[in-house]
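Descriptive analysis of the structure
Next come the chains, spelled out residue by residue.
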Amino acid sequence: MPAVAVVAMCTSTWAGDCGGCEGGCGDASACCGTKTVYQKQMVTEMKSVTCTEYTTETREKTVTVMKRVPKTEEKTRMVTVCVPETKTKTCSYTINKNVTETKTCEYTVQVPYTEEVEQTYTVMTPVAEKKTCTYTVMVPVKEEKTCTYMVKVPYTEEVEQKYTVMVPYTEEVKATRKVMKRVPKEITKTVQVRGGHWETQMVEMPSCGTDACGCPCPPKQCCKKVWVPTCETKEVTCMTYECVTEEVPCSYTVTKCKPEERTRKVCVSKCRDEERTRTYTVTKCVPEERTREYTVTKCVPEQKTRMVKVTKCKAETRTREYTVCKCVPETMTKEVSYTVMVPTQKEEKYTVTTCECVSEEKTVSYKVCVPVSVTKEVPVTKCVMVAVEVPCGDCCGNNCCGGDCCCDSCDCCDSGCKKKRGCRR
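Calculation notes
Residues numbered from 1 in each chain as written. Predicted model: local features only at pLDDT ≥ 70, side-chain atom pairs only at ≥ 80, totals over all residues. Heavy atoms only, no water. Helix = DSSP H or I, 4+ residues; strand = E, 2+ residues; numbered from the N terminus. Buried < 20%, exposed > 50% of the residue type's maximum accessible area, 1.4 Å probe, protein only. Contact = heavy atoms within 4.5 Å. Salt bridge = Lys/Arg side-chain N within 4 Å of Asp/Glu carboxyl O. Polar contact = N/O pair within 3.5 Å; in protein donor to acceptor, adjacent residues only side chain to side chain. Phe/Tyr/Trp six-rings, centres within 6.5 Å; stacked < 30°, edge-to-face > 60°. Lys NZ or Arg CZ within 6 Å of the ring centre and 35° of its normal. pLDDT = per-residue confidence, 0-100.

With that settled, the discussion passes to the overall build of the protein. Assigned secondary structure in the protein consists of 1 helix and 3 strands. Classification of the 425 residues of the protein by burial places 8% in the buried group. A separation threshold of at least 6 residues defines the contact pool for the protein, and within that pool the share at least 24 residues apart is 90%.

Here you go:
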């Protein structure tokens, strides 16, 4: 049976005196008492619950089914048949004949000829010229200088400093806590159970199209299955849980801290100013004027004359002959054969099939869901509070730990009180 244990805060009762231990804490139980704590424990019980289950039953019923029985009979009718017949007729048509005709026309052309003319043009002749210019350059010169500067020299000084520490102490506080319980409760619900059955119905289908005689087809009778739903209201008993809150007294230990002022000596690093001298070299640039010669090339314009050949065009009229093609209409006749369809009456036989509706009774099976009340044993888990006696934390005196209680378990040794994992401060 699974159970979950949770340590709860509760009122502690001491079984013995928690004074100091003479001669050291050789035995932890000699200077420590016991206290009662409550633990939450999950307990599983079997409980009878009434619930509703559904079983499937097969039932039978008699239904009337309409069947269509086919009936074939032979009939005679007159049919009009078109017979092809070939005839001849004379028809006229028009064609276009091509007729050629020669014509003369005049046109103008541009005839090129060459003519020599005098042309004047300008050329650029280069001429060299010398010039003198003055420019300034910066000549570097080195110079030594002396400067004074201040530096920070570090030194250490011991000073007295005050500081505050937080000294811990324990205090017992009484309070109450709220415990939530789940209480079972039976309630009644109204539910709706949906069911139904299948029924066969006759449906009349409208006529579509015509028969071989051209008459409209009679309407058809068809059978189709229809689901008829039912709805029933029932009361069902079910189990629910309500949450109830209770207040339980408890006490717990609180660790508090009080400030305490202390004094200590610390080393402080300080700096003092010290004057020093150094020599350094500075490079300066002094301007100096210089002269240089350079050559400049210029282009001077110069006019010259030359003979060139120029191509020109003159207009000239010429004559040419060309051929023109015309279309002349001409009427002609020809014999044409064509086919016409001549209607002829003819007797033929055809078969007609009709259907008659015949009723027939059948037995069909169907299934229904029937509710059945069933009592079951179901596991119910609830939380209970169990009182447990556990040893108190050690309150060690000066002979044992040399100070206040540091945790629930105090090891007495030469090195003092040791804190264990899980101790409450």
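That was the structure; now back to the text.
Residue position: Met-332 is located in strand S3 (residues 220-391). Expressed as a C-alpha distance, the spacing of Met-332 and Thr-94, which sit 238 residues apart in the sequence, is 6.0 Å. For Met-332, the residues in contact, after removing those within four places along its chain, are Cys-91, Ser-92, Tyr-93 and Ile-95.

Now for the pattern of salt bridges. Scanning all chains against the criterion turns up 19 salt bridges. For Lys-270, the salt bridge is made with Glu-157, and the minimal N-O distance between the two is 3.2 Å. Of the two residues, Lys-270 sits in strand S3 while Glu-157 sits in strand S2 (residues 34-205), which places them 113 residues apart along the sequence. According to the relative accessible area criterion, Lys-270 is partly exposed, its value standing at 33%. Arg-262 is paired through a salt bridge with Glu-260; the nearest N and O atoms lie 3.3 Å apart.

Along the chain, the position of Thr-36 falls in strand S2. On the basis of relative accessible area, Thr-36 is assigned to the buried category, the value being 14%. A distance of 2.6 Å separates the side chain of Thr-36 from the side chain of Glu-389, its partner in a polar contact.

For the rest of this paragraph, the subject is the packing of aromatic side chains. In the structure shown here, the tally under the stated rule is 1 aromatic pair. Judged by centre distance (5.3 Å) and plane angle (65°), the rings of Trp-198 and Trp-227 are edge-to-face. Of this pair, Trp-198 sits in strand S2 while Trp-227 sits in strand S3, and the two are 29 residues apart along the sequence. Note on Trp-198: relative accessible area 48%, which makes it partly exposed. For Trp-227, a relative accessible area of 42% puts it in the partly exposed group. It is Lys-89 that lies over the ring of Tyr-338; its NZ or CZ is 5.1 Å from the centre. One residue, Lys-258, lies across the ring of Tyr-169, its end atom 6.0 Å from the ring centre.

With that settled, consider the environment of Ser-269. Mapped onto the secondary structure, Ser-269 falls in strand S3. Ser-269 sits in the exposed class, given a relative accessible area of 63%. A C-alpha to C-alpha distance of 5.9 Å links Ser-269 and Tyr-155, two positions 114 residues apart in sequence. Here Ser-269 is in contact with Tyr-155 and Thr-156, once residues within four sequence places are set aside.

Another point: the environment of Ala-175. Here Ala-175 lies in strand S2. Judged by its relative accessible area of 30%, Ala-175 falls in the partly exposed class. Distance in space between the C-alpha atoms of Ala-175 and Tyr-252 is 8.0 Å, their sequence separation being 77 residues. When near neighbours in sequence (up to four residues on either side) are disregarded, Ala-175 contacts Val-248, Pro-249, Cys-250 and Tyr-252.

Counting all residues, the mean pLDDT for the protein is 77, and 83% of those residues have values of 70 or more. For residues 1-31, every residue scores under 50 in pLDDT, and the model assigns this stretch 63 contacts once sequence neighbours within four places are set aside. For residues 394-425, every residue scores under 50 in pLDDT, and the model assigns this stretch 62 contacts once sequence neighbours within four places are set aside.

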